[in-house]
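Each chain, letter by letter, is given below.
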Amino acid sequence: MEKVAEIIAEASAEVVEPRFRALASGEVMEKAPGEVVTVADREAELIIARRLRELLPVPVVGEEAVSADPALARALQAEPAVWLVDPVDGTANFVAGRPDYAVMVSLVRDGRTVAAWIRHPATATTYTAELGSGAWRDGHRLTRAPADTDPAAWRGSVKSRFLDPTRRRLIEANAAEAFGGLTSGRHAAGVEYPDVAEGATDFILYWRTLPWDHAPGSLLVAESGGRAARIDGSPYRPEAPGGEDGLLVAADPATWERCREILFAP
């Protein structure tokens, strides 16, 4: 666990942090409509992937590598063990000079996330989680207290961009009526999941669930005492990008159940 934390901290210090609020002309590109990538993303992924393979020689599924060759993501189902890498989560924040971005790695074995690392370069904070062993912030155990029993006291966000229009209207209306602290989130899963684990946020509904975005944080929340599961209640498993069937994250199992009931009420 410590070695991977060192790898991502060193890669961040080498090629990510020096470019924060210092990106040169031509170092930001559009890789898809509305989605940007920077030289920091690409260089950090190369460094992290090389060093992870030296540590454990299994396939690396990196966000930027998959952007260039989507077939690489099949390793998540085809291989017994895979590294997942998100070199700069929250790239739009990074480009805009906002500190809400993260460097993330997770280890997947037999389709389950078994270890996770989330680095916040802006605060030099590292979150880690290991399946069955707990969640940690800089070596201090994270234990998420249950949310208030009154949904009106909950703080959370609904990521509605990828919902179909009919379902979006229904869910947004239900959320606005029931919850007192709705926000648009922090636009970086690597920042939002730790917010749930530490008590700043009580729930998040995601719809698009790219594996490098959600494998680390879902394990962190689960190991801190929360719950991250598909809308039908099935466990989250990192899979190749494809069909979107949502992911609900909550402070504790009871909050998860009540939140699902509210959001998807007809």
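Before reading on, note that the structure itself is shown above.
Position numbers for residues start from 1 in each chain and track the written sequence from start to end. Given that this is a predicted model, residues contribute local features only at a pLDDT of at least 70 and side-chain atom pairs are listed and counted only at 80 or more, while totals for whole chains, interfaces and linings are drawn from all residues. Hydrogens and waters are ignored; side-chain quantities use all the structure's heavy atoms.

Okay, the pairing of strand E7 (residues 125-130) next. A regular strand carries its side chains on alternate faces of the sheet. For E7, the tally of buried residues reaches 5 of 6 residues, placing the bulk of the element in the interior. Two strands are said to pair when DSSP picks up at least two bridges between them. Only DSSP runs of H or I covering at least 4 residues are called helices, and only runs of E covering at least 2 are called strands; the numbering of each starts at the N terminus. Where strand E6 (residues 112-120) and E7 come together, 6 bridges link them in antiparallel fashion. Each residue of the ladder has a partner; that of Ala-115, found in E7, is Glu-130. Turn length for the E6-E7 hairpin, with the two strands adjacent in sequence and antiparallel, is 4 residues, and the turn residue Ala-124 shows positive phi of about 55 degrees. The sheet contact formed by E7 and strand E8 (residues 134-137) spans 4 bridges and is antiparallel. Looking at the pairing, Ala-129 lines up with Ala-135 of E8. Between E7 and E8, which pair antiparallel and follow one another directly, the connecting turn spans 3 residues, one of which, Gly-132, has a positive phi of 80 degrees. Exposure is judged per residue with a 1.4 Å probe applied to protein chains only, and the accessible area is read against the type maximum: over 50% gives exposed, under 20% gives buried, and values in between give partly exposed.

Read from one edge of the open sheet, 7 strands run E3-E4-E5-E6-E7-E8-E9, paired in mixed fashion. The sheet terminates laterally at strand E3 (60-62) and strand E9 (140-141), the two strands that pair on one side only. Of the pairings in the sheet, the one linking strand E5 (residues 102-109) to E6 comprises 7 bridges and is antiparallel in character. Within E6, the residue paired with Leu-107 across the bridge is Ala-115. Contacts are assigned to residue pairs with any non-hydrogen atoms lying within 4.5 Å of each other. Each axis is a line fitted through C-alpha atoms, and for a helix only the stretch in contact is used; angles between axes span 0 to 180 degrees, taken between their N-to-C directions. Seen against the sheet, helix H1 (residues 2-16) touches strand E4 (81-89), E5, E6 and E7 and runs at an angle of roughly 40 degrees to E6. Contacting E4, E5, E6, E7 and E8, helix H7 (residues 189-198) runs over the sheet at an angle of about 100 degrees to E6.

Two side chains bearing opposite charge may form a pair once their charged atoms approach each other closely. We define a salt bridge as a contact between a side-chain nitrogen of Lys or Arg and a carboxyl oxygen of Asp or Glu at a distance within 4 Å. The final tally for this structure, using the stated rule, is 17 salt bridges. Notably, a salt bridge pairs Glu-63 with Lys-31, separated by 3.2 Å at the nearest N-O pair. Remark: Lys-31 occurs in strand E1 (residues 28-32) and Glu-63 occurs in helix H3 (residues 63-68); sequence separation between them is 32 residues. You can call Glu-63 buried: its relative accessible area is 13%. Taking relative accessible area as the criterion, Lys-31 reaches 24% and is therefore assigned partly exposed. Arg-258 serves as the salt-bridge partner of Glu-261, at 2.8 Å between the closest nitrogen and oxygen. Residue Glu-261 and its partner Arg-258 are both found in helix H9 (residues 253-263); the two are separated by 3 residues, about one turn of the helix.

Take the pairing of E1 next. Pairing analysis gives 4 bridges linking E1 to strand E2 (residues 35-38), with the strands arranged antiparallel. The residue bridging Val-28 from the neighbouring strand is Thr-38, located in E2. Taking the residues between adjacent antiparallel strands as the criterion, E1 and E2 are bridged by 2 residues, where Gly-34 takes a positive phi near 80 degrees.

We now examine the side chain of Asp-86. Relative to the assigned elements, Asp-86 resides in strand E4. This count recognises Lys and Arg as positive and Asp and Glu as negative, with His and chain-terminal groups excluded. An unpaired buried charge is present at Asp-86: no salt bridge exists, and Lys-31, the closest side chain of opposite charge, is 7.2 Å distant. When neighbours within four sequence positions are excluded, Asp-86 is seen to be in contact with Glu-63, Ala-102, Val-103, Met-104, Trp-212 and Asp-213.

At a closest axis distance of 9 Å, the pairing of H7 and helix H8 (residues 211-224) adopts a crossing angle of 5 degrees. Looking at the two axes, H7 sits roughly parallel to H8. Residues Ala-189, Tyr-193, Pro-194, Val-196 and Ala-197 of H7 form the contact with H8, whose participating residues are Asp-213, His-214, Gly-217, Ser-218, Leu-220, Val-221 and Ser-224. What sets the label is the angle itself: under 35 degrees gives roughly parallel, over 145 gives roughly antiparallel, 65 to 115 gives roughly perpendicular, and the rest give oblique.

Treat this as a map of the structure, not an account of what it does.
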